[in-house]
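Survey of secondary and tertiary structure
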Amino acid sequence: MNISFGDIGLYSAAVKIYMTVIVFADVLFKLYYPLVAKYVQNGEQETLKKLVLKVQDANLFFSIYFAIITMLFAPEIIKLAFGDEFAESSKMLILLSIIIIFRFSMYTYTAILSSSNLNHIKLFTSLVCTVTNIVLNYILIPVYGVYGAIVATIVTELLLVISFKISSYKIIFTNYIT
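Parameters at a glance
Residues numbered from 1 in each chain as written. Predicted model: local features only at pLDDT ≥ 70, side-chain atom pairs only at ≥ 80, totals over all residues. Heavy atoms only, no water. Helix = DSSP H or I, 4+ residues; strand = E, 2+ residues; numbered from the N terminus. Buried < 20%, exposed > 50% of the residue type's maximum accessible area, 1.4 Å probe, protein only. Contact = heavy atoms within 4.5 Å. Areas by Shrake-Rupley, 256 points an atom, 1.4 Å probe, with all protein chains shown as cover. Lys, Arg positive; Asp, Glu negative; His and termini not counted. Charge placed at Lys NZ, Arg CZ, Asp CG, Glu CD. Polar contact = N/O pair within 3.5 Å; in protein donor to acceptor, adjacent residues only side chain to side chain. Salt bridge = Lys/Arg side-chain N within 4 Å of Asp/Glu carboxyl O. Patch = residues over 30% accessible without salt bridge, like charges linked within 9 Å, V, L, I, M, F, W, Y side chains within 5 Å.

1. Some details on the overall build of the chain
- Secondary structure summary: the chain contains 7 helices and 0 strands in total.
- When the elements of the chain are put in sequence order from the N terminus, they spell out α-α-α-α-α-α-α.
- A principal-axis box enclosing the C-alpha atoms of the chain has dimensions of 55 × 30 × 15 Å.
- Residue burial in the chain is summarised as follows: out of 178 residues, 44% are buried.
- Considering only contacts in the chain between residues 6 or more positions apart, those separated by 24 or more positions represent 79%.
- Total accessible area on the chain stands at roughly 9,600 Å², and carbon and sulfur atoms take up 70% of it.
- Taken together, the 12 basic and 10 acidic charged side chains of the chain have centroids lying 11 Å from each other.

2. Concerning the side chain of Ser116
- Checked against the element boundaries, Ser116 lands in the loop between α5 (98–115) and α6 (119–144).
- The class for Ser116 is buried, based on a relative accessible area of 0%.
- Reaching out from Ser116, the side chain makes a polar contact with the backbone oxygen of Leu113 at a distance of 2.9 Å.

3. Remarks on the pattern of salt bridges
- Enumeration over the complete set of coordinates arrives at 5 salt bridges.
- In this structure, Glu46 engages Lys49 in a salt bridge whose closest nitrogen and oxygen atoms are separated by 4.0 Å. Of this pair, Glu46 and Lys49 both sit in helix α2 (residues 45–72), 3 residues apart, which is roughly one turn of that helix.
- Taking relative accessible area as the criterion, Glu46 reaches 51% and is therefore assigned exposed.
- A relative accessible area of 29% means that Lys49 is categorised as partly exposed.
- A salt bridge links Glu157 to Arg103, with the nearest nitrogen and oxygen atoms 2.7 Å apart. Here Arg103 lies in helix α5 and Glu157 lies in helix α7 (residues 146–176), a separation of 54 residues in the sequence.

4. Quick look at a nonpolar patch on the surface
- A contiguous nonpolar patch, built from Leu60, Phe61, Phe62, Ile64, Tyr65, Ile68, Ile69, Leu72 and Phe73 and spanning about 840 Å² of accessible area, is present on the exposed surface.
- Along the chain, Phe73 turns up in the loop between α2 and α3 (74–82).
- You can call Phe73 partly exposed: its relative accessible area is 43%.

5. Describing the environment of Ile22
- Its location among the elements puts Ile22 in helix α1 (residues 5–42).
- Assessed through its relative accessible area of 3%, Ile22 is described here as buried.
- Sequence separation of Ile22 and Phe66 is 44 residues, and the distance between their C-alpha atoms is 8.9 Å.
- Apart from the residues lying within four places of it in its own chain, the contact partners of Ile22 are Ile99, Ile100, Arg103 and Tyr107.

What follows is the structure, encoded as structure tokens:
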């Protein structure tokens, strides 16, 4: 798609940093998933709702905190991790940092879907988002280069979290438990 290896390297550096930050969301997920699974399996809808709201508040706080810190210190983070020659990656990292917020909230919804034996919804949603990402990349990269890939990634992540949220709330809170 006529993207230089240098641009691909810059993009990869930015992706590695934001993916590293998302590890914190995974750690938090491991803390609350057993409770989510227990409440879903026992049909404890009200307790599940309270837990999900509490977890979402915590995830929102941490995700905004990590996203802002990553955005504010992107040039320093990139320089420390990869050196001065990757300075352009800091602009990409700033844009990609919005995904941190999406990913933190997404884990709660995937916990609900996973613990309810409805992984096929996660699979279908993930497949749709994968195809969407591929199509967006084919459309945007030739026009905007690696920044097209960034836009495709952000749009896909937003679609993924919205789809998981709708699926988990609609299915779990209205049909599955009740």
